[in-house]
Amino acid sequence: MKKITLIIASCAILCALLPSCKTTEANYRAAYEKAMAGRENSEDIDSTIYGKVRREIQKSSVTAPDGSEVELRRQLVKVTPDGGGIRENLRRYCVVVGQFKQVFNAKSLRERLVDAGYPGAFIVQTSEPYYYIVLASTPEMKEALAELTAFRNKGVIAMREPVPFILDATAAGKATR
């Protein structure tokens, strides 16, 4: 019994003396910074199927009526089940105002848009999957740019890069079947 008590006491003293046994804010900060550095390192993902999908996205830019440059992406997408839309809603040019890895977050933003007066908002997904929240889907680029400009001017939600962008969903029919 004395031997067990001595071992436990020795372990407790060692842990008290060694700073690595204690959880500190500095330890949390170091782990967080290491995780964030790894997250931004895209070399790891380039060797996966997701890297292949990302490389296949065709990107260019178009000029909006207000003179700003807007990214234009051409990518395979399909309408997300329970995402507020149907396949017939998906036209060639989609105004994308949100992008998420989790469908729960995409649905949450869609609900906020519906509450803010955009009942036609719906969710599409890529093969990765990324979930894009489509504010409007139109057959003409000019209409999509007008929708985007009007939405920006209202300031309904705060948008951060990489949104907003225009999605050219011309290849969408291949992914939705």
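All figures in this text were calculated on a predicted structure; none of them were measured in a lab. (Residues numbered from 1 in each chain as written. Predicted model: local features only at pLDDT ≥ 70, side-chain atom pairs only at ≥ 80, totals over all residues. Heavy atoms only, no water.)

Asks: What's the story with the sheet that holds strand β4 (residues 93–100) in this structure? I'm lost.
Replies: Paired through backbone hydrogen bonds, the strands of a sheet run either parallel or antiparallel to each other. One open sheet accounts for seven strands, arranged β1-β2-β7-β4-β6-β5-β3; its pairing is mixed. Edge positions in the sheet fall to β1 (58–63) and β3 (78–79), since each has one partner strand and no second. One ladder, built from seven bridges, connects β4 with strand β6 (residues 131–138); its direction is antiparallel. Paired with valine 96 across the bridge in β6 is valine 134. Contacts from helix α6 (residues 141–154) reach β1, β2 (69–74), β4, β6 and β7 (165–168) within the one sheet, and its direction differs from that of β4 by about 45°. (Pairing = 2+ DSSP bridges. Helix = DSSP H or I, 4+ residues; strand = E, 2+ residues; numbered from the N terminus. Contact = heavy atoms within 4.5 Å. Axes fitted to C-alpha atoms, helices over the stretch in contact; angles between N-to-C directions.)

Asks: Please explain the side chain of serine 137 as it appears in this structure.
Replies: Here serine 137 shows up in strand β6. A polar atom in the side chain of serine 137 sits 3.3 Å from the backbone oxygen of asparagine 89. In this structure the side chain of serine 137 is engaged in a polar contact, spanning 2.6 Å, whose partner is the backbone nitrogen of arginine 91. Setting aside residues no more than four positions away along its own chain, serine 137 makes contact with Asn89, Leu90, Arg91, Tyr93, Cys94 and Phe122. (Polar contact = N/O pair within 3.5 Å; in protein donor to acceptor, adjacent residues only side chain to side chain.)

Asks: I'm lost on the environment of valine 124 in this one. Help?
Replies: Relative to the helices and strands, valine 124 resides in strand β5 (residues 122–125). Along the backbone, valine 124 and isoleucine 86 are 38 residues apart, and their C-alpha atoms lie at a distance of 9.7 Å. Apart from residues lying up to four places away in sequence, valine 124 is in contact with Val77, Lys78, Val79, Thr80, Leu90, Tyr130, Tyr131, Tyr132, Val134 and Leu167.

Asks: Honestly, helix α5 (residues 103–115) in this entry has me stumped. Any pointers?
Replies: Since the α-helix packs 3.6 residues into each turn, any two residues three or four apart lie on the same face. In this model, α5 (13 residues) spans 18 Å end to end at C-alpha, consistent with the 18 Å of a helix rising 1.5 Å per residue. If you check which residues of α5 are buried, you get Ala106, Leu109, Arg110 and Leu113. For α5, the arc enclosing every buried residue in end-on projection is 105°, short of the 170-degree limit, so these residues lie on one face. Residues of α5 that are exposed and angled more than 90 degrees away from the buried face: Phe104 and Asp115. Those residues of α5 that are buried are in contact with β4, β5, β6 and α6. Positive phi shows up at glycine 117, right after α5, with a value of about 105°. (Expected span 1.5 Å × (residues − 1). Buried < 20%, exposed > 50% of the residue type's maximum accessible area, 1.4 Å probe, protein only. Arc of directions from axis to C-beta.)

Asks: Looking at this structure, how should I read the packing of aromatic side chains?
Replies: The geometry of two aromatic rings is summed up by the distance between their centres and the angle between their planes. Enumeration over the complete set of coordinates arrives at two aromatic pairs. Consider the rings of tyrosine 118 and phenylalanine 151, whose centres lie 5.2 Å apart with planes at 75°: the pair is edge-to-face. One end of the pair, tyrosine 118, is in the loop between α5 and β5; the other, phenylalanine 151, is in helix α6, with 33 residues separating them in the sequence. The burial state of tyrosine 118 is the same as that of phenylalanine 151; both residues are buried. (Phe/Tyr/Trp six-rings, centres within 6.5 Å; stacked < 30°, edge-to-face > 60°.)

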